[in-house]
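Residue-level listing of the chains:
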Amino acid sequence: MSVQNVLDLIKEKNIEFVDFRFIDLSGRAHHITLPASEVEAETFVNGVAFDGSSIPGFRGIEESDMVMMPDAETAYVDPFTAHSTLIIMSNIHTPDGERYERDPRSIAHKAEEYLQQAGVGTDAFFAPESEFFIFDEVRYESTMNSSSFFVDSEEAAWNTNRKEDGGNLGFKVGVKGGYVPVAPVDSQQDIRSEMVRLLQESGLRVERHHHEVATAGQAEINFRFDTLTKTADNLMKYKYIVHNTARQYGKVATFMPKPMFGDNGSGMHVHMSIFNEGTPLFWEKGAYANLSEIALNYIGGILYHAPALIAITNPSTNSFKRLVPGYEAPVNLVFSKGNRSAAVRIPVAAVTPKGCRIEFRTPDSTANPYLAFAAMLMAGLDGIKRKIDPRALGYGPFDTNIYELSDEEKKEIRSVPGTLDEALDALEADYAFLTEGGVFTKEFIDNYVGFKRAEAKSVAIRVHPHEYGLYFDC
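Residues numbered from 1 in each chain as written. Predicted model: local features only at pLDDT ≥ 70, side-chain atom pairs only at ≥ 80, totals over all residues. Heavy atoms only, no water.

An unreviewed UniProt entry lists the protein under the name Glutamine synthetase, with Cohnella lubricantis given as the organism. UniProt lists a comment for the protein under the heading Catalytic activity (unreviewed entry), and it reads "L-glutamate + NH4(+) + ATP = L-glutamine + ADP + phosphate + H(+)". (UniProt positions renumbered as here; feature names shortened; annotations may be inferred.)

A. Structural detail: the packing of helix α3 (residues 104–117) against helix α9 (residues 369–385). Running from N to C, α3 and α9 cross one another at 25°; their axes reach a closest spacing of 8 Å. The angle between α3 and α9 places the two elements in the roughly parallel class. Where α3 crosses over α9, the handedness of that crossing is left-handed. Counted together, Pro 104, Arg 105, Ile 107, Ala 108, Ala 111, Tyr 114 and Leu 115 of α3 and Tyr 370, Leu 371, Ala 374, Leu 377, Met 378 and Leu 381 of α9 form the full contact between these two elements. Looking at the contact of α3 with α9 residue by residue, the classes come out as 12 nonpolar, no polar and 1 charged. (Axes fitted to C-alpha atoms, helices over the stretch in contact; angles between N-to-C directions. Helix = DSSP H or I, 4+ residues; strand = E, 2+ residues; numbered from the N terminus. Parallel < 35°, antiparallel > 145°, perpendicular 65-115°, else oblique. Left-handed = near helix turned anticlockwise from the far one by under 90°. Contact = heavy atoms within 4.5 Å. Nonpolar A, V, L, I, M, F, W, Y, C, P; charged D, E, K, R; others polar.)

B. How the structure looks around the domain arrangement of the protein. Partitioning the protein into structural domains gives domain 1 (3–100) and domain 2 (123–466). Computed from C-alpha coordinates alone, the two centres of domain 1 and domain 2 are separated by 28 Å. Each partner contributes to the interface: domain 1 provides 19 residues, whereas domain 2 provides 21 residues. Between domain 1 and domain 2, a total of about 1,500 Å² is buried, with carbon and sulfur atoms accounting for 64% of that surface. Three residues stand out in domain 1 for area buried against domain 2, namely Leu 25, Tyr 76 and Phe 80, and they jointly supply 45% of the buried area on that side. On the surface where domain 1 and domain 2 come into contact, there are 0 salt bridges. Inspection of the region where domain 1 meets domain 2 yields 5 residue pairs in polar contact (both at pLDDT 80 or more). Elements with a contribution of two residues or more to the side of domain 1 that touches domain 2: β1 (17–23), β5 (76–77) and β6 (85–93). Taken together, the residues of the side of domain 1 that touches domain 2 sort by class into 10 nonpolar, 4 polar and 5 charged. (Domains from an automatic or database assignment. Buried area = accessible area lost by both parts, 1.4 Å probe. Salt bridge = Lys/Arg side-chain N within 4 Å of Asp/Glu carboxyl O. Polar contact = N/O pair within 3.5 Å; in protein donor to acceptor, adjacent residues only side chain to side chain.)

C. Summary view of the packing of aromatic side chains. Counted by the stated rule, this structure contains 18 aromatic pairs. Taken together, a centroid distance of 6.5 Å and an interplanar angle of 75° make the contact between Phe 20 and Phe 44 edge-to-face. A residue pair is termed long-range when its members are at least 10 positions apart, and Phe 20 in strand β1 and Phe 44 in helix α2 (residues 43–46) qualify at 24 residues. Each of the two residues, Phe 20 as well as Phe 44, counts as buried. Taken together, the ring pairs in this structure connect Phe 22, Phe 50, Phe 58 and Tyr 100 into an aromatic cluster. The ring of Tyr 240 carries the charged tip of Arg 21 above its face, separated from the ring centre by 4.2 Å. Stacked on the ring of Tyr 304, the Lys or Arg Arg 386 has its end atom at 5.0 Å from the ring centre. (Phe/Tyr/Trp six-rings, centres within 6.5 Å; stacked < 30°, edge-to-face > 60°. Buried < 20%, exposed > 50% of the residue type's maximum accessible area, 1.4 Å probe, protein only. Lys NZ or Arg CZ within 6 Å of the ring centre and 35° of its normal.)

D. View of the pairing of strand β10 (residues 206–211). Where β10 and strand β11 (residues 218–223) come together, 5 bridges link them in antiparallel fashion. Counted as the bridge partner of His 209 is Ile 221 from β11. Count of turn residues in the β10/β11 antiparallel hairpin: 6 residues, of which Ala 216 carries a positive phi of about 70°. (Pairing = 2+ DSSP bridges.)

Structure representation (structure tokens):
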């Protein structure tokens, strides 16, 4: 969509406001809204100013002026506002017109540019499977003398004996019993369908939706793959519509990886492939899982750099509550075809040459998608550049259920870092692949690590309720 198309759309749809958005370091969207009467062609040239010092992880107060540069191609009508509003994503520039090196969306663009400069291919395609929970209620606090959280869902396993208006009608979802049951066990068909309807109206091609494994309202909606930056934009749109549709239904949605103990967490499995002028580069008929050497080298790069990569793809302390054995979490840094216990899986069911892809199963939705997808691409391209063979490094293929291996057999398999701090240590030790072509900068990495270490410390120093059960009677 061109700038003129946007201006025409404003007139055709009687748009009252235009909402310009940018993404912060953590992957959260921020916005400034202009009356549509104030939006002209020059707005897309001069940008929209904002205070960068008020955004965590951006700039100091002494150099706070920043500019949003709108991307007309991202425009869509907000389905929730009372006054007709057009949403437009933006890149961030400095006042002198340069791309801001800490802008996640600009980093995503640079990664796509580097793909072509490297001579590997023309397009990298991404498709995230971003799981989430829909709760009826959430309460939490962390104060000097109190620390707690509480979530609830009408379909939760713990509510089989709860008194409810009209009587408890049963059909609750058991622990790990939520994978694709029909109603009345699946009580959230309609809310997910409404999310899909709004996503489609907003321009996304949705492929399917369903209830996921966990009790208490775990869900998944899959939308069509696209190129790197466009997929990150689509994921931001997806999360916005999921959050706000849930709120319209009097519920709350969260993409937090592990919002409760004792059942599966929510991941963001990411499917990836590279094409060159429309030709798929990952396909080689008759090879293992029909994978080409380029695809295997790409996998080699992902697995080789995985400990560092996870600091960006799983960037929260809560991420590592999910990455534990026993809950279908991909903690084993190996690859396999069709095997969901491996960090990298190669889908083999109903796959065509153009559908040939790899699936990195470790990430979760606390990741900033622009940074995460860019980092994954850079790791894979480094594998191609250095011809990293995952087979030679002992990364697989493992076509058995790794969870059922003996402890002795598991010793030979690398695992993901155990904490966010361990992942950040790995990133500090292994970041050169990210700085190729100036995609990420050393300054960005240093700032990012410091930002995330502060988050980790804020959690580590707080008293945990479970500690009372362990130590209070000492």
